[in-house]
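Working through the structure, step by step
Now for the letters of each chain:
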Amino acid sequence: MDAKSPAGITPPRAPRRPLTSIQHGIARVDDYAWLRASNWQAVMRDPKALASDIRAQLEAENAYTSDIMADTEALQQRFFAEMKGRIKEDDSSVPAPDGTFSYYTRFVTGGQHPLFCRVKRDGGEEQVLVDGNALAKDHAYFRIANVAHSPDHKLIAYAVDTKGSEFYAVQIIEAETGAIIDNRIVDNNGSFEWASGSRTLLYVWLDDEHRPRKALRHAIGSSGPDALIYEQRDPGYFLGLGATQDRRLLLLSVHDHETAEVSLIDAENPSSAPRLVSPREPEHDYSVEHHGDRLIILTNSDGAEDYRIVEAPADNPGREHWREIEPHRPGRLILEIVAFKDYLVRLEREEGLPRIIIRRFADGTEHEIAFAEEAYALGISPGFEYDTRTLRFTYSSMTTPAQVFDYDMETRECALRKTQEIPSGHDPANYITRRVMAPAKDGETVPVSLLYRKGTPLDGTAPLLLYGYGAYGMSIPASFSTNALSLVDRGFVYAIAHVRGGKDKGYRWYKDGKREKKVNSFTDFIAAGDYLARQGFTSRGRIVAQGGSAGGMLMGAIANMAPDLFLGVIAEVPFVDVLTTMLDASLPLTPPEWPEWGNPIESAEAYRTIAAYSPYDNVKAQPYPHILALAGLTDPRVTYWEPAKWVAKLREFKTGDRLLLLRTNMDAGHAGASGRFERLKEVALAYAFALKIAGLGGPA
């Protein structure tokens, strides 16, 4: 395979239509602003509304990508077949008990979408509550979110998106018959909760700008307007709904990425006014659990950067009544708490590795669940029940398939309930996972998780795929990936760089990768690549970088900053036009994102900071790595025009003959194709691109 454009295949060129803007006295010319649809709200609801000239440009790019990648079609099919072969087609989750029933999801052979089911707890015939395959059959895109049964088990509510735009319609059906009894809730964000009486649903409504504007209360079967619980007029905050583990309190949260405000709604009396726990304060984040007559609160108040746990009277929960029950310990980040009747469970991370701590309420004794591998992922699955001594948790590593355990918090007995089955076979002994620390330019060390097959030469000859994200405090777990094996089995080293902007090394790791310190995310990723090359895991110019969304910003930045280090870049729904987006307060996520990136409308300093690294604004005349950009037309998070503009500008400026490809899914949004198998086709395209540019495109 040739990783250059074949003769006779000419890349499309977007026409330049200069648009000049001035901010803080600084003039800026954008030649490709026209690719932003003026009616983008309508396009998210109906993709057919896209202007013909924009559609023509996107379709020309898609056709060009198809032509360039035509010689990999057989390879893509092999990738798809083997990745699909690692999926147990008739898989099912471990049933989660709730009262007289146990609930679970399962798939059928050949089915793209899950079935949501239940059985009687003491055994009996399965009841299919929601059949995703049947509901999806008439839609090019289909996704079900947040399926939830009513407390009396008689009703099922589920949210459906058929455009990829994340405007959900909620269906409410009878559990026994499947009959639709209510479908009046539309423009939901996928967040809703049942009140105790099983006749009231609380939900979040999105406005035309795709912002979560209102929390509403819906009486099942009613024809009148839904009651307003709360209206969020500040576009800088999100609205969310949740519930405590005991289900006695419903939680209304107003939050951005660093600030939270929680109000309590009595689940028995959902028409009562929400009671505020603690008013929002800049950079004060907290979450709430309920236990008896008290609240248990996870908070970063009073300098607890890595969080502490406090308690407060449920009927008088103000900050002045908070009493500490688990102190802050720098470097030990508490991620999550769950309050059961007799136990408080917390998930925490230290030195990049997670562990579960269980505290008995009666006497305060604690013990931990931890594992010995160099890098692994651990998660809590609390289930539906409060009065239980069984904790369900999940474990995996880059070599170990996902496992589900039920843990007796009293006897400390651990029962393995399920191990992810790989139908085509998987022997962990054939692979090696490692955790190394790459020195950054300022003396920090960047954790890097590695997976490679035994026998892979570590002499610099192996190609390496380096994945990164680095934003919003999100940490990329060192978990098992069936898809990554397709690269590793072909001689790739697979690596995850846990760069600043995540919380892998505590909350400070997040703070050191945001706003004026955002560039640390980029230099950390470059430092990781340099280190892996020096250590022989690969060599300079043999690294394929991959990241999506905010991780796509990372991809654009490192392509500008260190193009010679990377052979290629795979940028999925990449947030690359950062300055333009942060200057456009009409876009769905712009105001809530200002705490993450800075507000360039109000601050000239923030403008200059973002302008200095924004990938689109820093494209220049230089050789770039091979680039594959993937977009979704109805994406409300990273709008399709960001990668489209980026690729157009790269075509104008880049030198050399390396590949530059853009593929826009015209029927999907931020998450890509819907359906567990359709999504694999997009992965297959990305991996075929990686092999093509690495010169490894033959059979393997």
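Before going into details, it helps to say that this report is about the structure given with it. What you see is a predicted model, and the numbers here were worked out from it, not measured in a lab.

1. A closer look at the packing of aromatic side chains
According to the stated counting rule, one finds 18 aromatic pairs in the structure shown. Their ring planes at 70° and their centres at 5.9 Å tell us that Phe79 and Tyr687 sit as a pair that is edge-to-face. Of this pair, Phe79 sits in helix H3 (residues 73-85) while Tyr687 sits in helix H13 (residues 678-694), placing them 608 residues apart in sequence. When sorted by exposure, Phe79 lands in the same class as Tyr687, which is buried. Here Tyr640 and Trp641 contribute two aromatic rings whose centre-to-centre distance is 5.2 Å and whose plane-to-plane angle is 90°, an arrangement assigned as edge-to-face. For the pair Tyr640 and Trp641, a shared accessibility class is recorded, and that class is buried. The structure contains a cluster of three or more aromatic residues connected by ring pairs, namely Phe371, Tyr376, Phe393, Tyr395 and Phe405. In this arrangement the basic side chain of Lys84 is found over the ring face of Phe677, its NZ or CZ atom lying 4.7 Å from the centre. Over the ring of Trp509 we find Arg500; its NZ or CZ atom is 5.3 Å from the centre of that ring.

2. Digging into the side chain of Asp246
Its location among the elements puts Asp246 in the loop between strand S14 (238-243) and strand S15 (249-255). A distance of 2.6 Å separates a polar atom in the side chain of Asp246 from a polar atom in the side chain of Thr244. At 3.0 Å, the side chain of Asp246 forms a polar contact with the backbone nitrogen of Arg248. Those residues in contact with Asp246 that lie beyond four places of it in its chain are His290 and Tyr386.

3. A look at the sheet that holds strand S34 (residues 543-548)
Judged by pairing direction, the sheet is mixed, and its eight strands sit side by side in the order S30-S31-S33-S32-S34-S35-S36-S37 without closing on themselves. In this open sheet, the two edge strands, each paired with only one partner strand, are strand S30 (431-439) and strand S37 (660-665). Sheet twist, expressed as the mean angle between neighbouring strand axes with direction ignored, is 15°. By the bridge criterion, four bridges tie strand S31 (residues 445-453) to strand S33 (residues 493-497) in an arrangement that is antiparallel. Its bridge partner being in S33, Leu451 is matched across the sheet by Tyr494.

4. Section: the nonpolar core
Membership of the largest hydrophobic core comes to 79 residues, with the highest contact counts inside it found for Phe525, Trp597 and Trp646. For this core, the element with the highest residue contribution is helix H8 (residues 550-561), accounting for seven residues. Once you skip the residues sitting within four places of it in the chain, Phe525 turns out to touch Leu466, Tyr467, Gly468, Ala497, Val499, Ala545, Leu554, Met555, Ile558 and Phe566. Residues Leu75, Phe689, Ile693 and Ala694 belong to the second largest nonpolar core, which totals 43 residues.

5. Looking at the pattern of salt bridges
Within this structure, the stated rule accounts for 65 salt bridges. The closest approach of N and O atoms between Asp208 and Arg45, which form a salt bridge, is 3.5 Å. With Asp208 in the loop between strand S11 (200-206) and strand S12 (212-219) and Arg45 in helix H1 (residues 40-45), this pair connects stretches of sequence that are 163 residues apart. The partner of Asp442 in a salt bridge is Arg500, with the nearest N and O atoms 2.8 Å apart. Of this pair, Asp442 sits in the loop between S30 and S31 while Arg500 is found in the loop between S33 and helix H6 (507-511), placing the two residues 58 residues apart along the sequence. According to the relative accessible area criterion, Arg500 is buried, its value standing at 2%.

6. Digging into the packing of helix H7 (residues 519-534) against H8
Across the interface, H7 lies against H8 with an axial gap of 9 Å and an inter-helix angle of 65°. Classified by the angle their axes make, H7 and H8 are roughly perpendicular. In terms of crossing hand, the pair formed by H7 and H8 is right-handed. Taken together, the residues of H8 that come into contact with H7 (itself represented by Val519, Ser521, Phe522, Thr523, Phe525 and Ile526) are Met553, Leu554, Met555, Ala557, Ile558 and Met561. Of the residues assigned to the contact of H7 with H8, the class counts are ten nonpolar, two polar and no charged.

About the cut-offs
Residues numbered from 1 in each chain as written. Predicted model: local features only at pLDDT ≥ 70, side-chain atom pairs only at ≥ 80, totals over all residues. Heavy atoms only, no water. Phe/Tyr/Trp six-rings, centres within 6.5 Å; stacked < 30°, edge-to-face > 60°. Helix = DSSP H or I, 4+ residues; strand = E, 2+ residues; numbered from the N terminus. Buried < 20%, exposed > 50% of the residue type's maximum accessible area, 1.4 Å probe, protein only. Lys NZ or Arg CZ within 6 Å of the ring centre and 35° of its normal. Polar contact = N/O pair within 3.5 Å; in protein donor to acceptor, adjacent residues only side chain to side chain. Contact = heavy atoms within 4.5 Å. Pairing = 2+ DSSP bridges. Axes fitted to C-alpha atoms, helices over the stretch in contact; angles between N-to-C directions. Core = buried A, V, L, I, M, F, W, Y, C linked by side-chain atoms within 4.5 Å. Salt bridge = Lys/Arg side-chain N within 4 Å of Asp/Glu carboxyl O. Parallel < 35°, antiparallel > 145°, perpendicular 65-115°, else oblique. Left-handed = near helix turned anticlockwise from the far one by under 90°. Nonpolar A, V, L, I, M, F, W, Y, C, P; charged D, E, K, R; others polar.

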